[in-house]
Protein chains: 2
Amino acid sequence: MTDYKDRFSEDVGNFFRSPVREIFKRVDLNAIFSFAGGYPHASTFPLDDIRELSSLVIDKYGAKAFQYGATQGVPELRQAVAERCKVDVERVQITTSSQQGIDVCTRVLVDPGDVILTSNPTYLGALQSFRSYRADVRAVKVTDADADQKIGAIIAEGKKIKFYYIIPDFQNPSGETMSLEDRKTLVALAEKYDFLIVEDSPYRELRYEGVDVETIYSLAPDRTLHLGSFSKIFAPGFRLGWILGAPELLDKIYVCKQSLDLCPPIFDQYLAAEFLTSGRLDANLKNSIDLYRTKRDHLLGLLEKYMPEGVTWTHPEGGLFLFLNLPEGFDSVKFYDKSLDAGVAYVAGSFFHVDGSGLNTMRMNFSFLAMERMEEGVQILSRLISEEISK
Amino acid sequence: MTDYKDRFSEDVGNFFRSPVREIFKRVDLNAIFSFAGGYPHASTFPLDDIRELSSLVIDKYGAKAFQYGATQGVPELRQAVAERCKVDVERVQITTSSQQGIDVCTRVLVDPGDVILTSNPTYLGALQSFRSYRADVRAVKVTDADADQKIGAIIAEGKKIKFYYIIPDFQNPSGETMSLEDRKTLVALAEKYDFLIVEDSPYRELRYEGVDVETIYSLAPDRTLHLGSFSKIFAPGFRLGWILGAPELLDKIYVCKQSLDLCPPIFDQYLAAEFLTSGRLDANLKNSIDLYRTKRDHLLGLLEKYMPEGVTWTHPEGGLFLFLNLPEGFDSVKFYDKSLDAGVAYVAGSFFHVDGSGLNTMRMNFSFLAMERMEEGVQILSRLISEEISK
C-alpha cells in the first residue's frame, strides 16, 4: 500500500507549507546572515532565571506542575495575565502558543467559504491557518477611502464576514503600527457590518520609541479576540500565549481546546507565571527592548549606508521586522536563491500578500542576527540588489 | 453586543464537553475518593530527575532549548523515540500531547460524514475530536462474527471509511487488551476494505502481568498511524506525544501542525529526550509499574471483598483502568450525583459508548487515589451500589 492521495480530507488540499519554515530546513541559520525568521535574539532568553525558576516551581508546586491541568490554563498564569492586561480572569484563555490562538479562533468561527478580512500584507502563519479551513481571505485596507464600500460589496455577494484579522502593533511583516484613529475606524466598520475582530498582538510590548496606542480589544472588548504571546517577552520554546475575549466566545474555544490538546503545558505555565509575577519578566523585557532598539537603529543606518537608490523601507517603532520596497519589476522570490547562495536570508514579501502581489518587497528581521554580523549581511544583500536592479 | 450564537462554525454545533473534565471543575480531586480521571499517581513524577535535567538541558543546549524549533520535533527527541520504537526517524512526528495526535490525524483524514470505526466503548477524548469534525462514528467489534458484513454494509451505503480507531493495549475505558489474532483480523479487514488504522497506545508500557502483544503498527506499518504518549511514562504536564506512520501521511500532519502550533514545546522536548536517553525513564517506569501493579491488585481485592452480587469487572493486565458491569437497569449517570455527594468519583461508562449505551457500566481508575484511601472509597461506593440495586 503506497497510495495515500485519496485518503485526505478536503482541508488538506488547501494546506500550504510555510516558506519561512522551509528556509529553516535548508540552512543552518547560525551559519548564514539571517534576516529571515522572527526569532528572538538568543541573549534575551533568561537562562539563569529559568534555571532558578525550574527549582522554585518544583519546590512550590511539586507534582501539580507535572499533572494534567485545567483546559483554560493554570489559575496562577491566567490570573497573572489578567492582571497584566487589566481584564477579568474569566476573559483569559491560555493557549499552547499564539499560533494556536489563531487556529482555534478560526476553527470555532469559520466555515469553508466564509470571509476573513485582513490587511495586505499580513502574517503568513495566519494565512496558513485561514486557508487550511478554506476561508475566503480578502484584503481590505481600513484606511482606504473605499473600505466601507468594499466590505458592503462582499456582504452583497451573500458572504458571511466572520472577522477582520489584524496585527495593529509593529505589524508582521511591515513593521507598521496602526493609529488610534484607524483602530476606531476598524471598530466602526466591524459594528456597522457586524463582524468580529481578531487582534494579534505578539510584539506589543516591544516598543522602542513613541507611545502605546490603545488596543482594539480595549476599544471593543466584546467584539474583539485579542491574542497575546509569551514568545517575545519570555521565550518561544515554551509555546505559550493567551486569548482575551468575551466569555461566550472563550467558552467555545475552551471546549475546542479540550479535543485539541486537553491543556497547555503545565510546568511551562508555572515557569511563565513565576517569571511574570516575580518582576523578572519586566526586568528582562527592558533589556530586550534596549537590545532591539540598538539593533533596529543599526539596521536602519546600514540600509541608509548601503542600499542603492530606489529601495525604501519602513521605520518600525517596535517589533522585530522592517519591510523593504524594491523597484517595480524586482522579483524577490526569484532573487532569493542568489541571495542565499551568497549567505543572506530574508523572506520574500509576496508570501505575506493575500493575492500574491508584493513581488518587489522583502521582510527583514533585525532581532536574530548578531549585532556584529549585520553590516556584512547588509553589504552583501545591497550589492546583490544593486546588481539586480542595474541589469 | 451580546449575541454570539450565529457567529460560530458548523463544527461547533458538534462540540461536546468532556464529562470527565467537568467533574474536575466541580470538585477538588484530592479532597475526595477519586476513581475518575486517568491521572498518573503524583509519586511517579520524577521531580528530582526533572530538577537535575532542567539544569543539564540549560547547560547542554543553552538558548536553543528556548528558541523556536522544528515542526517535526527536536532531532534529539525524534531520534530517541525512533530508537525506542525501532522505527526510522523519518516515521516519527512529535506532537503536543497524544490528544493532538488524535486531533491532527482526524483533521487531515476526515471530512464531515466520513466514517470512523471504533470499538464500543472507546476513548472519550477521541469521540470529542471525531464528533467535532462531524465524523460519522460507528462501533464495529472486530471479533463479532458479522464484523465483515457490517463494514461491507457501511461501504454499500456509499460511505468512506477513513480509519479504525483502536486502543489495543489496556484499553481506555475497559482495561482490556486485544489478542494478536484479533489484531490480525483488524488488519485483514483494513486491507480488505482499504481503510487506515489509528492505534492509540498511551498505556502500552504499563504492563503488570503477561507479555507484550505485537503492535498493530508493526503488523501493518504503512496502514497504521501509531500514537504514543509521554504522559504515562514521564508526566502529562509536558504535553508530549508522538505519531509513527508512513512519511506520506506524516508529511500532511507536519504541514497541518505548522498552522496548529508551529512546533511542540522545546524545553520540554529536551527534558524528555534526556530523561529517555539517560536511562532514567526506564528506571522510573519500573517503579511506576510496581506501584500500579500493587494498586491494581489492591483494587481488585477490594472489589472482590465489598461489591455486591451482580457486579462484575474486568481484570486489566496493565494501564490505569478497569471497567465495572452493574446489573441491567442500573443508571450510572443518575447514580453519579449520589456517589459524588458521598465523596466518591468515577466516570459513567455510557460516556465512552458511541451510541450512549452502557448505562450500567462505570470506569474506575486505580492510578491516582492514594493506596491507603482506596479501601474506604470502595466501601462507600459498594454500599451505595448495594442500596441502589436492592431498591
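Quantities reported herein were computed from a predicted structural model and do not represent experimental measurements. (Residues numbered from 1 in each chain as written. Chains lettered and ligands numbered in written order. Predicted model: local features only at pLDDT ≥ 70, side-chain atom pairs only at ≥ 80, totals over all residues. Heavy atoms only, no water.)

Caption draft 1: The arrangement of the side chain of Ser350(B) in detail. Residues and elements named next belong to chain B. For Ser350, the location among the structural elements is in the loop between strand 12 (347-348) and strand 13 (361-365). A relative accessible area of 9% places Ser350 in the buried class. Ignoring sequence-local partners within four residues, the contact set of Ser350 consists of Val333, Gly356, Ser357, Gly358, Leu359 and Thr361. (Helix = DSSP H or I, 4+ residues; strand = E, 2+ residues; numbered from the N terminus. Buried < 20%, exposed > 50% of the residue type's maximum accessible area, 1.4 Å probe, protein only. Contact = heavy atoms within 4.5 Å.)

Caption draft 2: Layout of the pattern of salt bridges. Summed over all chains, the structure comprises 66 salt bridges over all chains. For Lys192(A), the salt bridge identified is with Asp148(A), shortest N-O distance 2.9 Å. With a gap of 44 residues between them, Lys192(A) in helix 7 (residues 180-193) and Asp148(A) in helix 6 (residues 147-156) connect regions that are remote in the sequence. When the shortest N-O distance is used, the salt bridge between Lys305(A) and Glu375(A) registers 3.2 Å. Here Lys305(A) is found in helix 11 (residues 280-306), whereas its partner Glu375(A) is found in helix 13 (residues 371-389), with 70 residues between them in sequence. Because the salt bridges share partners, they merge into one network encompassing Glu10(A), Asp11(A), Arg134(A) and Arg107(B). (Salt bridge = Lys/Arg side-chain N within 4 Å of Asp/Glu carboxyl O.)

Caption draft 3: Just the interface of chain A and chain B, in detail. The partner chain B presents 87 residues to the 87 residues of chain A that form the contact. In total, about 7400 Å² of surface goes out of reach between chain A and chain B, with carbon and sulfur atoms giving 55% of it. Between the two partners, chain A and chain B, sit 8 salt bridges. For Asp59(B), the salt bridge is made with Arg51(A), and the minimal N-O distance between the two is 2.9 Å. Connecting chain A to chain B are 42 residue pairs in polar contact (both at pLDDT 80 or more). Ranked by the residues each element gives to the side of chain A that touches chain B, the list is headed by helix 9 (residues 247-261) of chain A, at 11 residues. (Buried area = accessible area lost by both parts, 1.4 Å probe. Polar contact = N/O pair within 3.5 Å; in protein donor to acceptor, adjacent residues only side chain to side chain.)

Caption draft 4: Just the confidence of the model for chain A, in detail. Of the residues in chain A, 99% reach a pLDDT of 70 or more, and the chain-wide mean stands at 96. Taken together, the chains of this predicted complex give a pTM of 0.97 and an interface ipTM of 0.97. (pLDDT = per-residue confidence, 0-100.)

Caption draft 5: Local environment of the sheet that holds strand 3 (residues 115-118) of chain A. All names here are of chain A. On the basis of which strands lie adjacent, the open sheet formed by 7 strands has the order 2-8-7-6-5-3-4 and mixed pairing. Because the sheet does not close on itself, it has two edges, and the strands there are strand 2 (92-95) and strand 4 (136-139). Each strand axis lies, on average, 20° off the axis of its neighbour in the sheet, ignoring direction. Looking at chain direction, strand 7 (residues 224-229) and strand 8 (residues 241-244) are connected through 4 bridges and run antiparallel. Note on strand 8: the bridge partner recorded for Ser229 is Gly241. The sheet contacts of helix 3 (residues 75-85) involve strand 2 and strand 8, and relative to strand 2 the element is tilted by about 120°. (Pairing = 2+ DSSP bridges. Axes fitted to C-alpha atoms, helices over the stretch in contact; angles between N-to-C directions.)

Caption draft 6: Seen up close, the relation of the copies chain A and chain B. Expressed as a screw transformation, the operator carrying chain A onto chain B has a rotation angle of 180° and an axial translation of 0.0 Å, and the superposed copies differ by an RMSD of 0.0 Å. Here the two chains are linked by the operation of a two-fold rotation axis. If distances are taken from each C-alpha of chain A to the rotation axis, the shortest is found for Ser54(A), at 3.4 Å. A shared interface surface links the copies, since 100% of the contact residues of chain A are contact residues in chain B too. (Least-squares fit on C-alpha atoms with pLDDT ≥ 70 in both.)

Caption draft 7: Structural detail: the environment of Phe267(B). On the secondary structure map, Phe267(B) appears in helix 10 (residues 266-277). Setting aside its immediate chain neighbours within four residues, Phe267(B) contacts Ile50(A), Ser54(A), Gly237(A), Phe238(A), Phe267(A), Asp268(A), Leu271(A), Ser54(B), Val57(B), Ile58(B), Ala65(B) and Phe66(B).

Caption draft 8: Region of interest: the packing of helix 11 of chain A against helix 13 of chain A. All names here are of chain A. With their axes 10 Å apart at the nearest point, helix 11 and helix 13 run at an angle of 30° to one another. Classified by the angle their axes make, helix 11 and helix 13 are roughly parallel. The chirality of how helix 11 crosses helix 13 is right-handed. Where helix 11 approaches helix 13, its residues Thr294, Lys295, His298, Leu299, Leu302, Leu303, Lys305 and Tyr306 are matched on the opposing element by Met371, Met374, Glu375, Val378, Gln379 and Ser382. In terms of residue class, the contact of helix 11 with helix 13 is built from 7 nonpolar, 4 polar and 3 charged. (Parallel < 35°, antiparallel > 145°, perpendicular 65-115°, else oblique. Left-handed = near helix turned anticlockwise from the far one by under 90°. Nonpolar A, V, L, I, M, F, W, Y, C, P; charged D, E, K, R; others polar.)

Caption draft 9: Broad picture of helix 5 (residues 124-132) of chain B. Residues and elements named next belong to chain B. For helix 5, the tally of buried residues reaches 8 of 9 residues, placing the bulk of the element in the interior. Listed in full, the buried residues belonging to helix 5 are Leu124, Gly125, Ala126, Leu127, Gln128, Ser129, Phe130 and Ser132. Arg134 occupies a position one or two residues after helix 5 and carries a positive phi of about 60°.

Caption draft 10: Here's a closer look at the packing of aromatic side chains. A complete count under the given rule lists 33 aromatic pairs over all chains for this structure. A ring pair is formed by Phe130(A) and Phe163(A), whose centres lie 5.7 Å apart and whose planes are at 70°; its orientation type is edge-to-face. Taken as a pair, Phe130(A) in helix 5 (residues 124-132) and Phe163(A) in strand 5 (residues 161-166) lie far apart in primary sequence, 33 residues in all. Plain terms: the ring middles of Phe230(B) and Trp242(B) are 5.0 Å apart, the flat faces sit at 70° to each other, and that makes the pair edge-to-face. Pair noted here: Phe230(B) is in the loop between strand 7 (224-229) and strand 8 (241-244) and Trp242(B) is in strand 8, with a separation of 12 residues, a long-range link. (Phe/Tyr/Trp six-rings, centres within 6.5 Å; stacked < 30°, edge-to-face > 60°.)

Caption draft 11: Structural view of the environment of Phe35(B). All names here are of chain B. Tracing the chain through its elements places Phe35 in the loop between strand 1 (33-34) and helix 2 (47-61). On a C-alpha basis, the gap between Phe35 and Leu219 in space is 34 Å, while along the polypeptide they are 184 residues apart. Once residues within four sequence positions are removed from consideration, Phe35 is found in contact with Leu299, Val344, Ala345, Tyr346, Arg363, Met364, Asn365, Leu369, Met374, Gly377 and Val378.

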